[in-house]
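# Chain and residue survey
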Amino acid sequence: MAHTAVPRTSPQRLLLVGNPNVGKSVIFGALSKTYVTVANYPGTTVEVARARATAIPGAPELVDTPGTNSLIPQSEDEQVTRDILLREPDALVIQVGDTKNLRRTLYLTLQLAELGRRQILLLNLQDEARDLGVRVDRGKLEARLGIPVLPTTAIRGAGLDQIPKRLPEAAVARLTASYPQAIEEACQKIEALLPAHLGAARRGVALMLLAEDDSLLPWLLPQVGEGVLAEVGLIRAQVERQLGRRAAGVLARSRFRAVEELLKETFAADRAAYGSFRETLGALTMHPVWGVFFLALVLAAAYLFVGVFGAGTLVDLIEDDLFGKVINPTAQRFFTAVFGSGPFTQLLVGPYGVITMALTYSLAIVLPVVATFFIFFGILEDSGYLPRLAVMLNRVFRAMGLNGKAVLPMVLGLGCDTMATLTTRILPSKKERVLVTLLLALGVPCSAQLGVILAMLSNVSFWGTFIWAGVVAATLFGVGWAAARLLPGRSSDFLLEIPPLRVPQVGNILIKTAARTEWYLKEAVPLFILGTLVLFTLDATGLLRVFAALARPVVSGFLGLPSEAASSFLVGFLRRDYGAAGLYALRDAGKLDGVQAVVSLVVITLFVPCIANFFMMIKERGLATAVAMVAFIVPFAFLVGGILNLILRLCGVAL
Amino acid sequence: MSQDVLLAKPPTWAREEVLEELWTAQEAQSLHSISTLARRIHAGPSEGWGGVVQELIEEGLVALDGEVLRLTPEGDARAREVVRNHRLAEVLFYQVLQLPMKDSEAEACRLEHLLSSEAAEAVCTFLGHPPVCPHGRPIPPGRCCQALSRPQAPLLAPLTHLKPGQQAKVVLLAPKHRDRLEQLADLGLTPGAVVHFKQKQPSVVVEVDRTLLALEDDIAAGIYVRPVAEW
């Protein structure tokens, strides 16, 4: 390799820092092009990606920090970025900014300068800025700031080649706010109290302390001790008395004023270029009337792609043709020939076999559905439609004690509830995370289950489908409404940035889909196998029949279903969709009438999704909460089904 | 106005209270005699207000017309200023800072004596020259209002009162929770920022610095703006 000849210098670590939605991750991908390790930042649920930046000489480690608007953190994400900056004092910063919103970009630059960070600045999203008639005097900005300022359009790779060339010129930006005298004096007093090894970061840290940023304390306390913090508190109290207002507000205003000065010289926007097609379409997707139409269009597209193509065409191809005609018969012949037809062969290729059930199920039925869903979800995500959906649905979600931000996990739940439970991490308050976890487990059918349910409903009447959907939706709202009032805590504010609509990049979507599918295979397939082993054991020991007999009074008496349905519900404990598949078989065999079909589907939809989801609930919410949720959901699902059965029977409804 | 306020405060306050009361009565097409004024102010003759009226008469601000007390032209001008201060302060505390009505009135009763005419003009301009107080009574116009020959700009209003397509400048933020202030500031919603109101339904959407933000009604209601002319 060519660069073995280059003398090895210890490559400096690089941090990508920027506001949310400015394209950091695309730049991260372009600079690294190699294995990415994504791990939770210690002690948090925020994921931070790290990789070798192969595009830069010496291949230094590159860290993709979560998007942030300020170094005074307002969320766990922002706190992680601030902490990484403090804990990596020597790393160079590559700041990524949205050219359209230079104000917010420079607001962050100013704070980085106060921390004494050496940086370069990428003015990304040049294409969008051009469309909006935004002009930035890059040369002047570079001269004023004294750092390299590079124009980039990361999704097209434009301008990225300049990064390695200009990186050695990284410097502390010359951008300072002039604070009131009282603040300056207090800042100097605090700086003098801070340990010398903080070096150039001392001013920044002192200002953070003035802004009463308590999230700083776990990092600072071991370095300075209680006494210093008490003194800082006194200094702050004094300056706030002098100013008659909170120092944090004064700091923010002074910073914006300094940024405003620089903007006057370097930023121009031409309003005439406004009203582009992109913007008009973007507005229509949030329009009270057109937005609903647009939503219907998205749903129809989802149905065609995931429901018809994924769950239909692909599943037929893989399940019937590949597994049904090739893999399973071959495996059955092979294992029977080698090991006879004893328990070991049964374990692998019997009715509850690892290959014939677990692998067939996870790879042939669920994988195509989940993969097509992830592709569709990736397109929605990258196009910028999801935040618009949040705008459309905020009020609806409010009724359930949530807000529009919960759209993402709830929609993802239609793909895979397990993964959706994992993404509840993006919700700011604990109350919301618990609520969404509960609602996902209770009533959001995943794509695999939805496929089976829709197939079964297709031969019940339209009213049957209507009753099923109505009962599930009403239960979801009712439980959400009640739980929102019972759970302690405050729901977070709905304050959401809406990125412009963007044409998704095929490469980016494929990478994301691959990563999510890989995740699905790693997390879910072992659980499918475990679940199958449990079923196999229960079946082999005869316990499966005992459980079915025990459940008969409820199933036959209360729900009015044939006793065979009991085993479907039992399997439903492991996989809600597999339970649905059992019901489908019953219906197919003519053992369920219309009412029984609808009642049994309501019960199975409201069941706990699957063992994998239950484990994820334990992992994310803790054992006690997870068990409490399941202990509520299972009897509740039977209760709703039983009441529905009673009502339908009393009213003499035939479906 | 209760007697302790009348007597515990600087003497000019007591005189201004009497002037204000007489002006308000005249506005309502009624007049005060010494005894109805006493009832209105809830004070007996022994408590010093009689002396206050006496002083006002001596200074030529109030004239005794038989039983009836009338404001002289100078008295009327002075009283009008106090009433104007009072009602401007009510708008400020009640409509903008959203204090309860009772507190707003109490604060206005104090502030009316303290505002200089320059400060009152600044408050009036800041509030967009409001024509009426929260009770619906007219606010006597000041010089600053009369200088405006064309129709006046609407009141300083919460963001939620804008119409889609309107532009406005953020004047002040009065969020319910402290954290919100910093969160809004970080997103560029600071006093002086120009917002472009995009839509109200199904959620409020505004554009600030070429970035679209969706906000809860509750948050938008705490952002006070003054509409500006179209671009």
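Every chain is numbered on its own, with residues counted from 1 as its sequence reads. Going through the entries in the order they are written, you letter the chains from A and number the ligands from 1. At least 70 in pLDDT is required for a residue's local features to be given in this predicted model, at least 80 for side-chain atom pairs to be given and counted, and no such filter applies to totals for whole chains, interfaces and linings, which use all residues. Excluded from the side-chain calculation are hydrogens and water; included are all heavy atoms of the structure.

### Some thoughts on the overall build of chain A
We count it as follows: What counts as a helix is a DSSP run of H or I of at least four residues, what counts as a strand is a run of E of at least two, and both are numbered from the N terminus. Classification of residues uses two cut-offs on accessible area relative to the type maximum, computed with a 1.4 Å probe and protein chains only: under 20% is buried, over 50% is exposed, and between them is partly exposed. Residue contacts are counted whenever heavy atoms from the two residues lie within 4.5 Å of one another. For accessible areas, the Shrake-Rupley method is used with a probe of radius 1.4 Å. Any residue's cover is judged against the shown protein chains and nothing else. This count recognises Lys and Arg as positive and Asp and Glu as negative, with His and chain-terminal groups excluded. Charge positions are represented by NZ for Lys, CZ for Arg, CG for Asp and CD for Glu.
Check the secondary structure of chain A and you find 28 helices and 11 strands. Taken over the C-alpha atoms alone, chain A extends approximately 80 × 60 × 55 Å along its principal axes. Within chain A, buried positions represent 54% of all 655 residues. Nonlocal contacts in chain A, meaning residues at least 24 apart in sequence, comprise 76% of its contacts between residues at least 6 apart. Of the roughly 27600 Å² of accessible surface on chain A, 65% is carried by carbon and sulfur atoms. For chain A, the distance from the average position of its 60 positive side-chain charges to the average position of its 50 negative side-chain charges is 2 Å.

### Notes on the pattern of salt bridges
To keep things clear, this is the line we draw: Here a salt bridge means any side-chain nitrogen of Lys or Arg lying within 4 Å of a carboxyl oxygen belonging to Asp or Glu.
Applying the stated criterion to the full structure yields 33 salt bridges over all chains. The partner of Glu 55 of chain B in a salt bridge is Arg 15 of chain B, and the shortest N-O contact between them spans 3.8 Å. Here the residue Glu 55 of chain B occupies a position in helix α4 (residues 49–58), and Arg 15 of chain B occupies one in helix α2 (residues 11–27), the gap between them amounting to 40 residues. Judged by relative accessible area, Arg 15 of chain B falls into the buried class, the value being 18%. A salt bridge links Lys 198 of chain B to Glu 207 of chain B; the shortest N-O distance between them is 3.6 Å. Judged by its relative accessible area of 28%, Lys 198 of chain B is partly exposed. For Glu 207 of chain B, a relative accessible area of 7% gives the class buried. Among the charged side chains, a salt-bridge network with shared partners connects Arg 13, Arg 50, Glu 61 and Glu 88 of chain A.

### Here's the deal with the side chain of Arg 117 of chain A
All names here are of chain A. Worth spelling out the cut-off: Pairing of N or O atoms within 3.5 Å defines a polar contact, subject to two protein rules: one partner must be a possible hydrogen donor and the other a possible acceptor, and residues neighboring in sequence count only if both atoms are side-chain atoms.
Relative to the assigned elements, Arg 117 resides in the loop between α3 (102–114) and β6 (118–124). Comment: no salt bridge for buried Arg 117; closest opposite-charge side chain is Glu 88, at 7.0 Å. Within the structure, the side chain of Arg 117 is placed 2.5 Å from the backbone oxygen of Leu 85, a separation counted as a polar contact. Within the local environment of Arg 117, its side chain forms a polar contact with the backbone oxygen of Ala 91, the two atoms lying 2.8 Å apart. In contact with Arg 117, not counting residues within four places along its chain, are Leu 15, Leu 85, Glu 88, Pro 89, Asp 90, Ala 91, Val 93, Leu 112, Ala 171, Val 172 and Ala 173.

### Let's talk about helix α6 (residues 101–114) of chain B
Defined as follows: Each residue after the first adds 1.5 Å to the expected span of a helix.
Between its first and last C-alpha, α6 of chain B extends 20 Å over 14 residues, near the 20 Å set by a 1.5 Å rise per residue. Three or more residues of α6 of chain B are buried, namely Ser 104, Ala 108, Cys 109, Glu 112 and His 113 of chain B.

### Describing the confidence of the model for chain A
Heads up, the rule is: What pLDDT reports is the predictor's confidence in each residue, on a scale of 0 through 100.
Confidence in the prediction for chain A averages 85 pLDDT; 96% of positions are at 70 or higher. Low pLDDT (under 50) marks residues 1–10 of chain A, which in the prediction has 0 contacts with non-local residues, meaning those over four places away or in another chain.

### Focus on the domain arrangement of chain B
Residues and elements named next belong to chain B. Stated precisely, the cut-off is as follows: Throughout the structure description, domain borders are defined by an automatic or database domain assignment. The term buried area means the drop in 1.4 Å probe accessible area that two parts suffer when joined, counted for both and summed. Note that Gly is not counted as nonpolar here; it falls among the polar residues with everything else outside the nonpolar set of Ala, Val, Leu, Ile, Met, Phe, Trp, Tyr, Cys and Pro and the charged set of Asp, Glu, Lys and Arg.
Splitting chain B by domain gives domain 1 (3–71), domain 2 (76–146) and domain 3 (157–228). Taken together, the contact pairs 10 residues of domain 1 with 16 residues of domain 2. For the pairing of domain 1 and domain 2, the buried interface totals around 1200 Å² over both sides, and the portion due to carbon and sulfur atoms is 59%. Considering only the side of domain 1, the residues that lose the most area to domain 2 are Trp 13, Glu 16 and Trp 23, jointly responsible for 49% of the buried surface there. Broken down by element, the residue count for the side of domain 1 that touches domain 2 peaks at 9 residues, all from α2. Grouping the amino acids of the side of domain 1 that touches domain 2 by side-chain chemistry returns 4 nonpolar, 2 polar and 4 charged.

### Quick word on the packing of aromatic side chains
Residue and element names in this part refer to chain A. The line we're drawing: Stacked, edge-to-face and tilted labels apply to pairs of Phe, Tyr and Trp rings (six-membered ring for Trp) whose centres lie within 6.5 Å, assigned for plane angles under 30 degrees, over 60, and everything in between, in that order.
Summed over the entire model, instances satisfying the criterion amount to 18 aromatic pairs over all chains. Ring geometry for Trp 290 and Phe 293: centres 5.7 Å apart, planes at 85 degrees, overall edge-to-face. One end of the pair is Trp 290 and the other is Phe 293, both in helix α13 (residues 290–339) and 3 residues apart, which spans about a single turn. Judged by its relative accessible area of 47%, Trp 290 falls in the partly exposed class. Within the aromatic cluster, the residues linked to one another by ring pairs are Phe 334, Phe 335, Phe 339 and Phe 344.

### Here's the deal with the sheet that holds strand β3 (residues 68–71) of chain B
Residue and element names in this part refer to chain B. Quick note on the threshold: Strand pairing requires that DSSP identify at least two bridges connecting the strands.
The 3 strands lie next to each other as β1-β3-β2, forming an open sheet whose pairing is antiparallel. The sheet terminates laterally at β1 (32–33) and β2 (62–65), the two strands that pair on one side only. Summarising the sheet, β1 and β3 pair through 2 bridges and their orientation is antiparallel. Within β3, the position partnered with Ser 33 by the bridge is Val 68.

### Topic: the domain arrangement of chain A
Residue and element names in this part refer to chain A. Split into domains, chain A comes out as domain 1 (2–172), domain 2 (181–273) and domain 3 (290–493 + 505–650). Each partner contributes residues to the interface: domain 1 has 29 residues there, and domain 2 has 27 residues. In this assembly, domain 1 packs against domain 2 so that about 2600 Å² is buried in total across both faces, 64% of it on carbon and sulfur atoms. The largest per-residue losses of area from domain 1 upon contact with domain 2 belong to Arg 103, Tyr 107 and Glu 114, which jointly make up 25% of the total buried on that side. Applying the counting criterion to the domain 1 and domain 2 interface returns 4 salt bridges. In this structure, Glu 265 and Arg 144 form a salt bridge, with 2.4 Å as the shortest nitrogen-oxygen distance. Counting only elements with at least two residues in the side of domain 1 that touches domain 2, the list comes to α2 (76–87), α3, β7 (134–136) and α5 (138–145).

### Here's the deal with the interface of chain B and chain A
In this assembly, 35 residues from chain B lie in contact with 38 residues from chain A. Of the roughly 3400 Å² buried where chain B meets chain A, counting both sides, 49% is carbon and sulfur surface. Together, Asp 186, Arg 210 and Glu 216 of chain B form the three largest contributors to the area buried by chain B at its contact with chain A, with a combined 23%. Note that Glu 216 of chain B is salt-bridged to Arg 398 of chain A, the shortest N-O span being 2.5 Å.

### Things to note about the sheet that holds strand β7 (residues 204–208) of chain B
Strand order across the open sheet formed by 7 strands is β11(A)-β8(B)-β7(B)-β6(B)-β5(B)-β9(B)-β4(B), with antiparallel pairing between neighbours. The open sheet is flanked by β11 (495–498) of chain A together with β4 (157–158) of chain B, the only strands paired with a single partner. Where strand β5 (residues 167–173) of chain B meets strand β9 (residues 223–228) of chain B, 6 bridges bridge the pair, whose relative direction is antiparallel. Its bridge partner being in β9 of chain B, Leu 172 of chain B is matched across the sheet by Tyr 224 of chain B.

### Considerations on a nonpolar patch on the surface
Residue and element names in this part refer to chain A. For clarity, the cut-off: For patch building, the residue pool is restricted to those with more than 30% relative accessible area and no salt bridge; the joining distance is 9 Å between like charges and 5 Å between nonpolar side chains (Val, Leu, Ile, Met, Phe, Trp, Tyr).
Where nonpolar side chains cluster on the molecular surface, the patch consists of Val 554, Phe 558, Leu 639, Ile 643, Leu 646, Ile 647 and Leu 650 and spans about 640 Å² of accessible area. The element that contributes the greatest number of residues to the nonpolar patch is helix α28 (residues 623–650), accounting for 5 residues. By the element assignment, Ile 647 lies in helix α28. Taking relative accessible area as the criterion, Ile 647 reaches 46% and is therefore assigned partly exposed.

### What about the pairing of β3 of chain B?
Residues and elements named next belong to chain B. Residues Leu 69 and Leu 71 point to one face of β3 and are all buried, whereas Val 68 and Arg 70, pointing to the other face, are not buried. Summarising the sheet, β2 and β3 pair through 4 bridges and their orientation is antiparallel. Bridged to Val 62 within β3 is Leu 71. Turn length for the β2-β3 hairpin, with the two strands adjacent in sequence and antiparallel, is 2 residues, and the turn residue Gly 66 shows positive phi of about 65 degrees.

### Digging into the packing of helix α27 (residues 611–621) of chain A against α28 of chain A
Residue and element names in this part refer to chain A. Rule in force here: What counts as an axis is a line fitted to C-alpha atoms, over the stretch in contact for a helix, and the angles between N-to-C directions run from 0 to 180 degrees. Any angle that is under 35 degrees is reported as roughly parallel, and any over 145 degrees as roughly antiparallel; angles of 65 to 115 degrees are reported as roughly perpendicular and all others as oblique. Rotating anticlockwise by less than a right angle from the far helix to the near helix defines a left-handed crossing, while the corresponding clockwise rotation defines a right-handed one.
One can describe the packing of α27 onto α28 by two numbers: an axis separation of 7 Å at closest approach and a directional angle of 140 degrees. The orientation of α27 relative to α28 falls into the category oblique. The hand of the α27/α28 crossing is right-handed. Here α27 contributes Phe 614, Met 617, Ile 618 and Arg 621 to the contact with α28, which in turn contributes Leu 623, Thr 625, Ala 626, Val 627, Met 629 and Val 630. A breakdown of the residues in the contact of α27 with α28 according to their chemical character gives 8 nonpolar, 1 polar and 1 charged.

### Digging into the packing of helix α7 (residues 181–193) of chain A against helix α10 (residues 226–243) of chain A
Geometrically, a packed helix pair is captured by the angle between its two axes and the distance between the axes. All names here are of chain A. At a minimum axis distance of 10 Å, the contact between α7 and α10 shows a crossing angle of 175 degrees. Overall, the two elements α7 and α10 adopt an arrangement that is roughly antiparallel. Only Val 228, Glu 231, Val 232, Ile 235, Gln 238, Val 239, Gln 242 and Leu 243 of α10 make contact with α7, whose side of the interface consists of Ala 182, Ile 183, Ala 186, Lys 189, Ile 190 and Leu 193. Partitioned by chemical class, the residues of the contact of α7 with α10 number 10 nonpolar, 2 polar and 2 charged.

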